[in-house]
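Report on the structure
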Amino acid sequence: MTTPTTHREAPATGRSRRIIAAVASLALLGLAVLVGGSTAASAASPTTLEIASDTQLSTFNPFISIYDGELNIINSIYPALTISDAHNNPSAYLATSWKRSSDDLTWTFTIRKGLKWSDGTPITAQDIYWTYHLVMTNDVAATANGSLVANFKSVSAPNDTTFVINTKTPQANILYLSIPVVPAHVWKSRVADLKSNLNTDFPVVGYGPWILTGYKTDQYATMTANKSFYMGAPKFDKLISYYYKSSDASVAALKSGSLQQNALITATEYNALKTTKGVKTYQSAPVGWQGIEINPGAHTKTGKPMGTGNPILADKRVRTAIAYAINRKTLVDKVLDGLGQEGAGYIPSGFPQWAWQPTAAQRISYNPAKANQILDAAGYTKGSGGVRVDPKTHKPLTFRLGIHSDETTDGQIAPYLQGWMQAIGIKLTIEPQSFSALNAALAKGDWDILMDGWSTGADPTYLMSIQTCAVLPQDNAGKGGNTDAFFCDKQYDKLFGLQQSQFNQTERATTIRKMQSILYDANVDIMLYYQDQLAAVDTTKVANYTFGGPNAQGIYLHQNPFYDWRVAKPVAASSSGTSSNTGLFIGIGIAVVVVVAVAALLVVRRRSPAADRE
C-alpha cells in the first residue's frame with residue numbers, strides 16, 4: 001500500500017539528485033512489491049482503492065461545492081432522497097416510495113426506517129426538511145443547488161418517515177434532484193459561518209457507502225467503507241482520491257501501480273494504455289463538454305458591472321466571428337484522436353433524449369472568411385501587426401485566454417485557438433492558471449475568454465440553470481450566485497421555468513432544445529467538442545470496477561463513481577497467489593539490484609573527489 005505523499009514529487013534540481021531519486025524510487029518499488037506481495041497473501045489485510053480525482057479538492061461542504069472531484073466524494077458520504085440507477089433513472093435511496101398529487105403540486109415521500117448517521121443518530125425526515133429548507137432560505141446554502149429548489153413553495157416533515165414538497169408550479173424533475181441531505185444536529189451550528197466551512201472535522205458525520213476520514217489540501221481525500229450501508233458495504237476497506245496537476249503524472253501513477261483507476265487520461269494516453277499489460281481501458285458516452293466562454297460583460301443580478309472583462313466582447317458580432325473562426329473538427333481529430341464529437345448544443349451527446357443540433361441554416365461551421373467579413377462589416381479594421389481595432393475606442397482586439405494549467409487538453413487546444421484568432425485579426429494572450437485561480441477569476445468576472453468544461457447527470461436542469469439570470473451574483477461585492485458565464489436572457493429563463501413543469505418528456509425535450517438554440521446563437525458558451533469518457537483501471541489489483549456493461553460498440557453508459565467505488569473488488573488473494581509469489585521474487589530481485597546500485601553509486605561518489613584532484 002502506498003502512502004499519499006509518494007504521489008507528489010518535488011522537482012529535482014541537480015543531476016545527482018535525479019540519480020539518487022531514481023535509485024530511491026527503485027528501492028521503494030522493490031519495497032512496494034515486497035509489501036504488496038505480503039498484503040495480497042493475507043486475506044485479513046485491509047484493502048485500499050486509489051483513484052484519480054476528477055478535479056481539485058478544496059471543500060466537502062455540500063452546500064457550496066460544484067466540482068466533480070468533490071461531488072463524487074460528497075455523494076458517497078451524504079444520502080439523497082433518490083439516486084439515479086445504472087440506466088440513469090431515479091430510484092429509491094432515503095425515500096422508499098413517493099406519490100404526486102392530482103394537481104402535480106405536492107410530492108409526498110415515505111422515508112426509509114432504521115438508518116443512522118455515522119455517529120449513531122437516527123436519520124429522519126427532519127434532517128431532509130432541515131437541509132432543503134436551508135437551501136431554500138439561505139443564499140450561501142443555495143450556492144450549489146439553490147436553482148433546483150427555486151420553484152419550491154414549501155417543504156415539511158409531518159413525522160419522522162414522511163417528507164413533503166409543495167411547488168409553486170408543477171415541477172417535473174423532482175425525482176432527479178439528488179440534493180445531499182446532511183445531519184441537522186451537526187450542521188445547525190455551522191449556518192452562521194457556512195461559506196467558510198470546508199467540512200473537514202474528521203471523521204465527517206454522514207451516511208453513504210463511505211465515511212470521509214482525512215484530507216490534505218489539493219492532494220488527496222481518504223474515506224473508509226461504511227460496513228452498515230443498506231445497499232451493501234463497499235468491497236474495499238479504504239478509498240483514497242488523489243488530485244493530480246497533470247494527466248501525465250496520473251498515468252505514470254497508474255502504470256507504477258500506485259493508482260488503480262484513472263479517468264483523467266487524454267486520448268493519446270488512452271490509446272497508449274490499451275496495450276499496457278494489466279491495465280483495462282474503457283470508454284463511456286460523453287456526459288460533458290469542452291468549450292470556451294466569452295465574457296459578454298459580467299454583472300450582478302441588478303445589472304451592476306463587475307470584473308475586468310474586455311468590453312469589446314459584449315459585441316455579439318465579435319463573439320460570432322470567433323465562433324466561425326474555430327475548427328472543431330481539427331480539435332476532435334488532433335486533440336481527441338477522433339474519440340469524441342464536434343460540439344454544438346449545450347447538452348452533451350451522451351444524453352440523446354435532450355441533446356440538440358442546429359439546423360443547417362443555423363449551424364456555425366469553420367469559416368474564417370465569413371468571420372473576417374463579419375468583423376469588417378462591423379468596422380473592426382486591421383491595424384498594426386494585423387490586429388483589428390475597435391472603431392469606438394480604437395483599442396486593439398487583444399483578449400486574455402485563461403486555461404487550466406493542470407488540464408493537458410487546455411494546453412493542446414490553446415495554440416490552435418491562438419492561431420485561428422490571429423487569422424481573423426484577433427490576438428489571444430494565453431494565461432495558464434491553476435484550477436482554483438481560474439475559477440476564482442471566473443466568479444469575479446476577471447477574464448475575457450476562458451477554457452471551460454461541464455458534465456451533467458441524466459437530468460439537465462442543473463446544467464441549464466447555470467445560464468439563468470437567477471444565478472448571477474448578488475450586489476454585495478459580487479458574492480453568491482453560480483453563473484457560468486454571466487449569461488442572462490429573459491426568454492431563456494422563461495423556457496427554463498416551462499421545462500421544469502413539463503411531465504411529458506417529449507414536450508420537455510422540445511423546450512430544452514429551444515433553450516440550447518438561444519445559447520448557441522448568443523455565442524457566450526461555444527462548445528468545442530464532447531469527449532468520450534476515457535478511463536483505465538489496474539486489473540492486477542481491482543476487479544469489477546465498471547458498473548453495467550458496454551453496448552455493441554464497446555461503449556458504456558455514464559459511469560457513476562457512487563456505484564463504481566462500491567462494486568469494485570480487490571483482486572482475490574486466491575487468484576493472485578501465484579502472482580504474489582512472483583511479485584515477492586521480483587521484489588527480492590529489485591531489492592538486490594538496488595543494494596548493488598546504491599553501493600556502486602557510493603563508490604562512484606567516493607571516487608569523484610580523487611578524480612577531480614587528478
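Before reading on, note that the structure itself is shown above.
Now for a look at the structure at hand. (Residues numbered from 1 in each chain as written. Predicted model: local features only at pLDDT ≥ 70, side-chain atom pairs only at ≥ 80, totals over all residues. Heavy atoms only, no water.)

1. Remarks on the overall build of the protein chain
The condition that has to hold: Only DSSP runs of H or I covering at least 4 residues are called helices, and only runs of E covering at least 2 are called strands; the numbering of each starts at the N terminus. Exposed residues in this analysis have more than 50% of their type's maximum accessible area, buried residues have under 20%, and partly exposed residues fall in between, with area computed by a 1.4 Å probe over protein chains only. In what follows, residue pairs with any heavy atoms lying within 4.5 Å of each other are defined as contacts. For accessible areas, the Shrake-Rupley method is used with a probe of radius 1.4 Å. Any residue's cover is judged against the shown protein chains and nothing else.
Looking only at helices and strands, the protein chain has 17 helices and 22 strands in total. Taken across its 614 residues, the protein chain has 51% of its residues classed as buried. Sequence-distant contacts in the protein chain: of pairs separated by 6 or more residues, those separated by 24 or more amount to 70%. Total accessible area computed for the protein chain in this model is approximately 26,500 Å², and 55% of it derives from carbon and sulfur atoms.

2. Thoughts on the pattern of salt bridges
Condition: The term salt bridge refers to a side-chain nitrogen of Lys or Arg lying within 4 Å of a carboxyl oxygen of Asp or Glu.
Under the counting rule described, the total for this entry stands at 8 salt bridges. A salt bridge links Asp-201 to Arg-190, with the nearest nitrogen and oxygen atoms 3.6 Å apart. Of the two residues, Asp-201 sits in the loop between helix 5 (184-187) and strand 8 (210-216) while Arg-190 sits in the loop between helix 5 and strand 8, which places them 11 residues apart along the sequence. Among the ionic pairs, Arg-388 bridges to Asp-376, the shortest N-O distance being 2.7 Å. On the criterion of sequence distance, the pair formed by Arg-388 in the loop between helix 10 (368-377) and strand 15 (398-404) and Asp-376 in helix 10 is long-range, its members being 12 residues apart.

3. Comments concerning the packing of aromatic side chains
We count it as follows: Pairs were defined over the aromatic rings of Phe, Tyr and Trp, the Trp ring being its six-membered one, requiring ring centres within 6.5 Å. Orientation was assigned from the angle between planes: stacked under 30 degrees, edge-to-face over 60, tilted for the rest. For a lysine, the NZ atom is tested; for an arginine, the CZ atom; a charge sits over a ring if that atom is within 6 Å of the ring centre and within 35 degrees of the ring normal.
Inspection of the entire model under this criterion finds 25 aromatic pairs. Considering the side-chain rings of Trp-98 and Phe-109, the 6.4 Å spacing of their centres and the 50° angle between planes classify their relative orientation as tilted. With Trp-98 in strand 4 (residues 95-100) and Phe-109 in strand 5 (residues 106-111), this pair connects stretches of sequence that are 11 residues apart. Between Arg-100 and the ring centre of Phe-503, over which it is positioned, the NZ or CZ distance is 4.1 Å. A cation over an aromatic ring shows up here: Arg-190 above the ring of Trp-187, its NZ or CZ 4.6 Å from the ring centre.

4. Points about the sheet that holds strand 18 (residues 525-531)
Rule in force here: By definition, two strands form a pair when at least two bridges between them are found by DSSP. Note on geometry: axes are lines fitted to C-alpha atoms, helical ones only across the stretch in contact, with angles between N-to-C directions running from 0 to 180 degrees.
Overall, mixed pairing links the 6 strands, which are arranged 14-18-13-17-15-16 in an open sheet. Where the open sheet ends on each side, the last strands, each with one partner, are strand 14 (340-342) and strand 16 (427-433). For this sheet, the mean inter-axis angle between neighbouring strands, taken without regard to orientation, is 30°. By the bridge criterion, 4 bridges tie strand 13 (residues 288-294) to strand 18 in an arrangement that is antiparallel. What sits directly across from Gln-290, in strand 18, is Tyr-529.

5. Observations concerning the side chain of Thr-461
Definition in use: For the purposes of these results, a polar contact is taken to be a pair of N or O atoms within 3.5 Å, where, inside protein, one atom must be able to donate a hydrogen and its partner to accept one; residues adjacent in sequence count only when each atom of the pair is a side-chain atom.
Residue position: Thr-461 is located in helix 13 (residues 461-465). Of the residues examined, Thr-461 reaches a relative accessible area of 1% and is grouped as buried. At 2.7 Å, the side chain of Thr-461 forms a polar contact with the side chain of Asn-173. Of the polar contacts made by the side chain of Thr-461, one reaches the side chain of Asp-459; its length is 2.4 Å. Apart from residues no more than four positions distant in its own chain, Thr-461 is found in contact with Leu-148, Asn-173, Phe-496, Gln-499, Gln-500 and Arg-508.

6. So, the state of the cysteines
Simply put, disulfide is the name for a covalent bond between the sulfur atoms of two cysteines. Under the convention used in this document: In plain terms, two cysteine sulfur atoms within 2.5 Å form what is called a disulfide here.
Summed over all chains, the structure comprises 1 disulfide. Covalent S-S linkage joins Cys-469 and Cys-488, the inter-sulfur distance amounting to 2.0 Å. Across the S-S bond linking Cys-469 and Cys-488, the dihedral sits near 105°, which makes this disulfide right-handed. Pair noted here: Cys-469 is in the loop between helix 13 and helix 14 (490-500) and Cys-488 is in the loop between helix 13 and helix 14, with a separation of 19 residues, a long-range link.

7. Side note on the pairing of strand 1 (residues 48-52)
Of all the 5 residues making up strand 1, 5 are buried; the element is thus mostly covered by neighbouring parts of the structure. Side-chain alternation along strand 1 places Thr-48, Glu-50 and Ala-52 on one buried face and Leu-49 and Ile-51 on a second face that is also buried. Relative to strand 10 (residues 238-242), strand 1 is paired through 5 bridges, and the arrangement is parallel. When the sheet's bridge partners are listed, Glu-50 is paired in strand 10 with Ile-240.

8. What about the nonpolar core?
Side chains that are nonpolar tend, in soluble globular proteins, to be buried together. The condition that has to hold: Definition of nonpolar core: a set of buried residues of the types Ala, Val, Leu, Ile, Met, Phe, Trp, Tyr and Cys, connected through side-chain atoms within 4.5 Å.
Residues Phe-63, Phe-109, Tyr-132, Phe-163, Ile-165, Ile-322 and Ile-326 are the most contacted members of the largest nonpolar core, which totals 146 residues. Of all the elements, helix 15 (residues 505-522) adds the most residues to this core, at 7 residues. Discounting residues that sit within four places of it in the chain, Ile-322 has contacts with Ile-292, Ile-294, Leu-313, Met-421, Ile-424, Ile-426, Ile-449 and Ile-526. Within the second largest apolar cluster, 10 residues are counted, among which are Ile-265, Tyr-270, Val-279 and Leu-534.

9. Describing the sheet that holds strand 6 (residues 152-159)
On the basis of which strands lie adjacent, the open sheet formed by 4 strands has the order 4-5-7-6 and antiparallel pairing. Of all strands in the sheet, those with a lone pairing partner are strand 4 and strand 6, marking the two edges. Neighbour-to-neighbour, the strand axes of the sheet open up by a mean angle of 20°, direction not taken into account. Strand direction decides the pairing type here: strand 5 and strand 7 (residues 162-167), joined by 5 bridges, are antiparallel.

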